[in-house]
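Architecture and fold: a report
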Amino acid sequence: MAYIFRTVQFLGLSIWLGSDVFLSFVVAPGAFRILGSRDQAGAMVGHSLWWMHFIGVTCGIAILCARLLRTRSFTSLAAPAALCVFLMISLTVVSQHAVSPRMAALRGQMGSIQATSADSPLLAEFARLHKVSVALESGVLLAGLAALYLMVRESVTTN
């Protein structure tokens, strides 16, 4: 049974990291290159980001539950790999529930990002929040890579 729980941990982390990489390096750049306007591309990326966040938090919870079931010890949640997953969940929740809604509200106030004057304070705040969003997603990716390394190291030392 331990192998099944370990598999769930690796699968959950793989799905989360894969979706983050795919959205960041394929979907977002492609949307802005292919779609007719920045507003359409932003709407598509925002929609995709919501789903990626939902999937990520779901995977994070599955990873931690599988770890708990595998080890049968709450202290295993204080291990470095688990702490990286907690960090990933935290950064994702902040992005989804603090940054994304503020960006959506600014988008609504501007009507069109594409048509908004470059010197608009709303556009400047949107750009600042976009940088925060990118930093949060980068943090999720880096914490996920660290978690992956630590989980592999754990599996090698326990076998």
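Just so it is clear, the model here is predicted, and its values are computed rather than measured. (Residues numbered from 1 in each chain as written. Predicted model: local features only at pLDDT ≥ 70, side-chain atom pairs only at ≥ 80, totals over all residues. Heavy atoms only, no water.)

What follows is about the overall build of the chain. A tally of helices and strands in the chain yields four helices and zero strands. Seen through its principal axes, the chain has C-alpha atoms that stretch 60 × 30 × 20 Å. Counting the 159 residues in the chain, one finds 42% classified as buried. Long-range contacts, defined here as pairs at least 24 residues apart, represent 70% of the contacts in the chain between residues at least 6 apart. Accessible surface, the chain: about 9000 Å² in total, of which carbon and sulfur atoms supply 72%. Across the chain, 11 positive and 6 negative side-chain charges occur, with their mean positions spaced 11 Å apart. (Helix = DSSP H or I, 4+ residues; strand = E, 2+ residues; numbered from the N terminus. Buried < 20%, exposed > 50% of the residue type's maximum accessible area, 1.4 Å probe, protein only. Contact = heavy atoms within 4.5 Å. Areas by Shrake-Rupley, 256 points an atom, 1.4 Å probe, with all protein chains shown as cover. Lys, Arg positive; Asp, Glu negative; His and termini not counted. Charge placed at Lys NZ, Arg CZ, Asp CG, Glu CD.)

All right, on to the packing of helix α1 (residues 2-34) against helix α2 (residues 38-71) then. Contact geometry of α1 with α2 gives a least axis separation of 9 Å together with a crossing angle of 170 degrees. The angle between α1 and α2 falls in the class roughly antiparallel. Grouping the constituent residues of the contact of α1 with α2 by class yields 23 nonpolar, seven polar and five charged. (Axes fitted to C-alpha atoms, helices over the stretch in contact; angles between N-to-C directions. Parallel < 35°, antiparallel > 145°, perpendicular 65-115°, else oblique. Nonpolar A, V, L, I, M, F, W, Y, C, P; charged D, E, K, R; others polar.)

So, on to the packing of aromatic side chains. Working definition: an aromatic ring pair is given by the centre-to-centre distance plus the angle between the planes. Throughout the structure, instances matching the rule amount to three aromatic pairs. Where tryptophan 50 meets phenylalanine 54, the ring centres are 5.7 Å apart and the plane angle is 5 degrees; that geometry is what we call stacked. Of this pair, tryptophan 50 and phenylalanine 54 both sit in helix α2, separated by four residues, roughly a single helical turn. Overall, the relative accessible area of 45% leaves phenylalanine 54 in the partly exposed class. Each ring, one from tryptophan 51 and one from phenylalanine 54, has its centre 5.8 Å from the other, and the planes form 80 degrees; the classification is edge-to-face. Of this pair, tryptophan 51 and phenylalanine 54 both sit in helix α2, separated by three residues, roughly a single helical turn. (Phe/Tyr/Trp six-rings, centres within 6.5 Å; stacked < 30°, edge-to-face > 60°.)

What follows deals with the packing of α1 against helix α3 (residues 80-110). Running from N to C, α1 and α3 cross one another at 40 degrees; their axes reach a closest spacing of 13 Å. Relative to α3, the element α1 lies oblique. Two packed elements cross with a definite hand, and for α1 against α3 that hand is left-handed. Judged by residue contacts, Leu13, Trp16 and Leu17 of α1 engage Met88, Ile89 and Thr92 from α3. (Left-handed = near helix turned anticlockwise from the far one by under 90°.)

This paragraph deals with the pattern of salt bridges. Across all of its chains, the model carries three salt bridges by this definition. Two residues, glutamate 154 and arginine 67, come together in a salt bridge whose shortest N-O distance is 2.8 Å. With a gap of 87 residues between them, glutamate 154 in helix α4 (residues 121-158) and arginine 67 in helix α2 connect regions that are remote in the sequence. Across this residue pair, the class does not change: glutamate 154 and arginine 67 are buried. Between arginine 128 and glutamate 125 there is a salt bridge, with its nearest N and O atoms 2.9 Å apart. Highlighted residues: arginine 128 and glutamate 125, both in helix α4, separated by three residues, approximately one helical turn. Judged by its relative accessible area of 39%, arginine 128 is partly exposed. Taken together, the salt bridges that share partners define one network made up of Arg102, Glu125 and Arg128. (Salt bridge = Lys/Arg side-chain N within 4 Å of Asp/Glu carboxyl O.)

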